[in-house]
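Fold and contact review
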Amino acid sequence: MDRRLFLTYVGSGTAALVAASSGIGALTGNAMTGNHLMNGQPSGKGKSLTAPFKPVSRTWENDMVLPNGYNYSIIASYGDKINSKGEIFGDAADLTVYFPMDSLKGGNNSEEGLIWVNHEFPEPGNYMKMLGINEATFKKENLANYPELLKMEKEAVGGSVIHVIKEKDGWKLVLDDTYNRRVDGNTPIELTGPARGSSYVGGATTVVGSLGNCSGGRTLWNTVLSCEENTEYGDDYGWPNFNDNHYGWVVEVDPFDPKRPVRKHTALGRFAHENTAMGLTNDGRVVVYMGDDKGDACFYKFISSKKFNPANREANFDILESGTLYVASMSQQKWIALDRATNSKLQTPEFADQAAVLTNARAAGLAVGGTKLDRPEDVEIHPHDGSVFLSLTNNTGHGNFHGQIVRFVPANGDHASESFTFEVFVAGGQQSGITCPDNLHFDSKGNLWVVEDYAATETNQYAAYKNCGVFMVPTDGKEYGEPFQFASGPKGCEVTGPWLTPDEKTLFLDVQHPETWNPYPGQTFGRSCLVAVQGGSFK
């Protein structure tokens, strides 16, 4: 049977996920997409969305390779000073969120704004080279004896707010003491919500630092949500006085107001947060979709108790402090509330109260029947039909090396609904030509921009895919679900954090952990950085 036709029959049920993760796509020559109507939503029968560029090919070239007519420039790299205090742009750049400078007045300035960039992890081996420390004899248990190394590690993580402006020769970093600043491993951060002050966080109301900042999202009131993807970095790197339960939350930062406290919202649960996608329910409450970036982990959403106030920005700053967290059951095609008061499966000694449920959200999700998925990473909401796209990067533990992107449709088009249908939108592998989908971003037409996350060598299972790439995937028309490669990153890197300016004339991307490209001055290792891509159309 034709692969598309097969998924026409099974696309809205669990069979599609089973097929996608079983390697069945290797048996046919057709791109694997679920191309059928779901609750009347567009799925291949609407206006054709096509690539406005000639796709590039897979390559091992150690550069940012783009279609003819496009060019890139580096705005900021690890170690660059961003203000007169000497704070530096952090390492392992990931999420990018562009805020037009006139955002708070409802504007869409596409040539000047603030950018938030996540810094996911430190690179201790690189810092040891810079400090002259012998990595072969270094032991992380002795990190306290290397205060400069510990300082560099803590200053490398978290996120940066930077002021940027587009000039005749490209985008530039503005050295600015009004806006440019760092949130790092030393920043005091307030806890909000049910776990604040609880025994599960050691009674803390304020914690120190943010780390594991992978992706995130933009709120409807123009703040950034930065997601802490991991909770074990203290142990990984030997940081002293590290409390795991202080990390693994969603962090909110106001880029326009350095005096506003940075906050971690415990109502959104604690797990390996990849990103957030924010929308509204039909009655005006806020919904936040979130993935848990781990094999056999779950997909979540949060619905606020309070309604969004579009006329009063200040009225929304407590909106993420209370609400209900849900986990997705794919077999039931429904959302299950992680609410101890109403769910008897959570009324156990393990979950003594709601603070325990939220602090141990991963265990709670599985306890109530959440479906184990293949590394649920980035999630985004379609700008036109409201369907929800989730990237499942891979799960090598049971043979899914290439992942898939799944499309969810909430019942009645309402994000408050407790039921949904779903289908496989794109399955990774040789038929689609894309593998290990990670960060997602929509343009105004509804094309989905996708970046990849894998480590290829010339001999492993990713050899044919070469360097990680950036793709544009139409979500309607005859090329529905067909990836077109827009860029190839330098050797050893992930290309992360795609984000378009409102006029869609600039695409911001991050280049994370390149091997040798963009080397640190006086060193041979490459530097993570933020780049701006221009020169052609992005829609």
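Everything discussed here concerns the structure shown above.
How each quantity is defined
- Residues numbered from 1 in each chain as written.
- Predicted model: local features only at pLDDT ≥ 70, side-chain atom pairs only at ≥ 80, totals over all residues.
- Heavy atoms only, no water.
- Helix = DSSP H or I, 4+ residues; strand = E, 2+ residues; numbered from the N terminus.
- Buried < 20%, exposed > 50% of the residue type's maximum accessible area, 1.4 Å probe, protein only.
- Contact = heavy atoms within 4.5 Å.
- Phe/Tyr/Trp six-rings, centres within 6.5 Å; stacked < 30°, edge-to-face > 60°.
- Lys NZ or Arg CZ within 6 Å of the ring centre and 35° of its normal.
- Pairing = 2+ DSSP bridges.
- Axes fitted to C-alpha atoms, helices over the stretch in contact; angles between N-to-C directions.

Attention now moves to the environment of Gln 534. Mapping Gln 534 onto the fold places it in strand S30 (residues 529-534). Judged by relative accessible area, Gln 534 falls into the buried class, the value being 12%. In this structure, the C-alpha to C-alpha distance between Gln 534 and Thr 276, residues 258 residues apart in sequence, is 27 Å. Apart from residues no more than four positions distant in its own chain, Gln 534 is found in contact with Gly 69, Tyr 70, Asn 71, Lys 166, Gly 170, Trp 171, Lys 505 and Thr 506.

Right, let's get into the packing of aromatic side chains. Counted according to the given criterion, the structure contains 33 aromatic pairs. With a centroid separation of 5.1 Å and 85° between ring planes, the pair formed by Phe 389 and Phe 425 is classed as edge-to-face. In this pair, Phe 389 is assigned in strand S21 (residues 388-392) and Phe 425 in strand S23 (residues 420-427), connecting sequence segments 36 residues apart. Look at Phe 389 and you get buried, because its relative accessible area is 0%. The exposure class of Phe 425 is buried, given its relative accessible area of 0%. Within the aromatic cluster, the residues linked to one another by ring pairs are Tyr 289, Phe 299, Trp 335, Phe 408, Phe 420 and Phe 422. Over the aromatic face of Trp 239 sits the side chain of Lys 154, whose NZ or CZ is 5.5 Å from the ring centroid.

Buried residues of helix H4 (residues 147-156): Leu 149, Leu 150, Met 152, Glu 153, Lys 154 and Ala 156, and no others. Buried residues along H4 sit against strand S3 (112-119), helix H3 (124-131), strand S6 (181-183) and helix H5 (233-237).

A word on the sheet that holds S30. Spatially, S1-S30-S29-S28 is the arrangement adopted by the four strands of the open sheet, whose pairing is antiparallel. Looking at the sheet topology across the chains shown, the edges are occupied by strand S1 (71-77) and strand S28 (494-500). Ignoring strand direction, the axes of neighbouring strands in this sheet form an average angle of 25°. Pairing analysis gives five bridges linking strand S29 (residues 507-512) to S30, with the strands arranged antiparallel. From the neighbouring strand, Phe 508 faces S30, where its bridge partner is Ala 532.

Geometric descriptors of this kind do not, in isolation, establish any biological role.
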